[in-house]
Amino acid sequence: MDITRSSPAPLRVVAVPPEPEPADLTALTEPADLTALSQPAPDRPSTAAAVPEERRRSRPRDLLALVRPGQWVKNLAVVPLALLDTHPWGATDLLRTGWAILGFTLASAVVYVVNDLADRERDRLHPVKRHRPIASGRVSPAAATVLTGLLALSLTGWAVAGPAWQWWPTALYLALSLAYSQGLKHVPLVDAFIVATGFVLRLLQGALLIGGRLSEWLALCVFSLCLMLSLGKRRHEMTAAGRAHRPALRGYTLAFLDHLVVLVAVLTAVSYVLYLRDDAALAAGASFVILLSAPCAVFGLARYLQLLLVEEGGGNPVHVLFRDRATLVNAGLWAVLVALALLTHPSG
């Protein structure tokens, strides 16, 4: 029956969709619907939302991502440098170097989680960092806090089980990094210098555990190299996301960072050459071989500056160093030359 014809005036009921169904509240709990509702707008970063069942199943993977295993290679690349001045190498030296790597891996994992907890609101404003486990809501702050406690207990066990009082570089790194997370990262220049100091402490921890001498030129070379990478990362952040997500970037300009990066690159090359001349443990007659590694070092610096300043890369130094083909080939040649000069060192 058409009620619009039997009535002298149209009724509002005709504007209502035919046979409306009651709202089904349970439909919102379906993974597909919730995913659609939680999708961020193109111009708005994602925010933490209720964690559906499919995300709860992926929590172990998200917790692993929270401690950033892709960054652990930093420990592998820096701590064993202490072995350069220790000859001959023994099983004890290798085990103690591995122990130093383990300690810094645990300490850096603690720092990563604490930093992500403190920065979760700011990370949601960043086009890349908003996908981190805490900022995206895949890992709750409570779960991250529990993980921090477990890592801290493991780090305490590492310090107790190791040689007495030889863990102080790791403890100093942890204290500096926590101070960095709680406020020093907002101070221009101080933020980058603290990051670079952490790598020197890695080197010092390795040398301390194996009883080796740490070359001042080698420490300066590592510090300046890591400072260059840290400044390069900040330059990339300014070009990719502006200054809003990191307060310390307000104390930088692109021109200022360009000058700093080039200045520190020169310091890195000079300190490396001085280390080779004055402190490197070279085999007799290996000076020419090790001298050939200097152009490789300079090429590596130049290639990084090219990726940073010309190709606008450098946001993730680990990816730059281990994914760029030219850098990998150059690093392989450098490693061969250094190995020829070190492995032939007389054991007496």
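Because the structure is a prediction, the values reported are computed rather than measured. (Residues numbered from 1 in each chain as written. Predicted model: local features only at pLDDT ≥ 70, side-chain atom pairs only at ≥ 80, totals over all residues. Heavy atoms only, no water.)

**Focus: the pattern of salt bridges**
Taken as a whole and judged by the stated rule, the model has 12 salt bridges. Note that Glu 237 and Lys 129 form a salt bridge whose closest N and O atoms lie 3.4 Å from each other. One end of the pair, Glu 237, is in helix 11 (residues 216–241); the other, Lys 129, is in the loop between helix 7 (120–123) and helix 8 (141–161), with 108 residues separating them in the sequence. When its relative accessible area of 5% is taken as the criterion, Glu 237 is described as buried. With its nearest N and O atoms 3.7 Å apart, the salt bridge here joins Glu 311 to Arg 303. One connected set of salt bridges, linked through shared partners, spans Arg 68, Asp 116, Asp 123 and Arg 132. (Salt bridge = Lys/Arg side-chain N within 4 Å of Asp/Glu carboxyl O. Helix = DSSP H or I, 4+ residues; strand = E, 2+ residues; numbered from the N terminus. Buried < 20%, exposed > 50% of the residue type's maximum accessible area, 1.4 Å probe, protein only.)

**Considering a nonpolar patch on the surface**
A contiguous nonpolar surface patch, about 320 Å² in accessible area, is contributed by Val 146, Leu 150 and Leu 153. A relative accessible area of 53% places Val 146 in the exposed class. (Patch = residues over 30% accessible without salt bridge, like charges linked within 9 Å, V, L, I, M, F, W, Y side chains within 5 Å. Areas by Shrake-Rupley, 256 points an atom, 1.4 Å probe, with all protein chains shown as cover.)

**Let's talk about the side chain of Ser 271**
Tracing the backbone through its elements, the reader meets Ser 271 in helix 12 (residues 254–278). Residue classification places Ser 271 among the buried positions, given a relative accessible area of 1%. Within polar-contact distance, the side chain of Ser 271 engages the backbone oxygen of Leu 267 at 2.9 Å. Once residues within four sequence positions are removed from consideration, Ser 271 is found in contact with Trp 217, Leu 220, Cys 221 and Ser 224. (Polar contact = N/O pair within 3.5 Å; in protein donor to acceptor, adjacent residues only side chain to side chain. Contact = heavy atoms within 4.5 Å.)

**What about helix 14 (residues 293–310)?**
An ideal rise of 1.5 Å per residue puts 26 Å on 18 residues; helix 14 measures up with 25 Å between its terminal C-alpha atoms. Ser 293, Ala 294, Cys 296, Leu 301, Arg 303, Tyr 304, Leu 305, Leu 307 and Leu 308 are the residues of helix 14 that are buried. (Expected span 1.5 Å × (residues − 1).)

**Considerations on the confidence of the model for the chain**
When pLDDT is averaged across the chain, the result is 77; 76% of the residues are at 70 or more. Here helix 2 (residues 31–37) stands out as the least confident element of the chain, with mean pLDDT 37; helix 8 is the most confident, with 92. (pLDDT = per-residue confidence, 0-100.)

**A word on unusual backbone geometry**
The backbone phi angle of Arg 68 is positive, close to 50 degrees, even though this residue is not glycine. Relative to the assigned elements, Arg 68 resides in the loop between helix 4 (59–66) and helix 5 (73–78). Residue Arg 68 is classed as buried on the basis of its relative accessible area, which comes to 17%. A positive phi is found at Leu 189, a non-glycine position, where the angle reads about 75 degrees.

**Re the nonpolar core**
Membership of the largest hydrophobic core comes to 38 residues, with the highest contact counts inside it found for Val 222, Leu 227, Met 228, Leu 231, Tyr 252 and Tyr 304. Breaking this core down by element, the ones donating at least two residues are helix 10 (190–210), helix 11, helix 12, helix 14 and helix 16 (325–343). In terms of residue count, the dominant contributor to this core is helix 11 (11 residues). Counting 23 residues, the second largest nonpolar core, distinct from the first, contains Val 111, Leu 117, Ala 159 and Leu 201. (Core = buried A, V, L, I, M, F, W, Y, C linked by side-chain atoms within 4.5 Å.)

**Points about helix 12**
An ideal rise of 1.5 Å per residue puts 36 Å on 25 residues; helix 12 measures up with 36 Å between its terminal C-alpha atoms. Inspection of helix 12 places Leu 257, Leu 260, Val 261, Val 264, Ala 265, Thr 268, Ala 269, Ser 271, Tyr 272, Leu 274, Tyr 275 and Leu 276 among the buried residues, and these make up the whole buried set.

**A closer look at the packing of aromatic side chains**
Enumeration over the complete set of coordinates arrives at four aromatic pairs. Summarising the aromatic geometry, the rings of Tyr 252 and Phe 256 are spaced 6.2 Å apart at their centres and angled 25 degrees between planes, so their arrangement reads as stacked. What makes Phe 256 partly exposed here is its relative accessible area of 32%. The ring of Phe 199 is capped by Arg 202, whose NZ or CZ atom sits 4.5 Å from the centre of that ring. (Phe/Tyr/Trp six-rings, centres within 6.5 Å; stacked < 30°, edge-to-face > 60°. Lys NZ or Arg CZ within 6 Å of the ring centre and 35° of its normal.)

**Observations regarding the side chain of Asn 115**
Within the element layout of this structure, Asn 115 appears in helix 6 (residues 91–118). Side chain to side chain, Asn 115 and Lys 185 meet in a polar contact 2.9 Å long.

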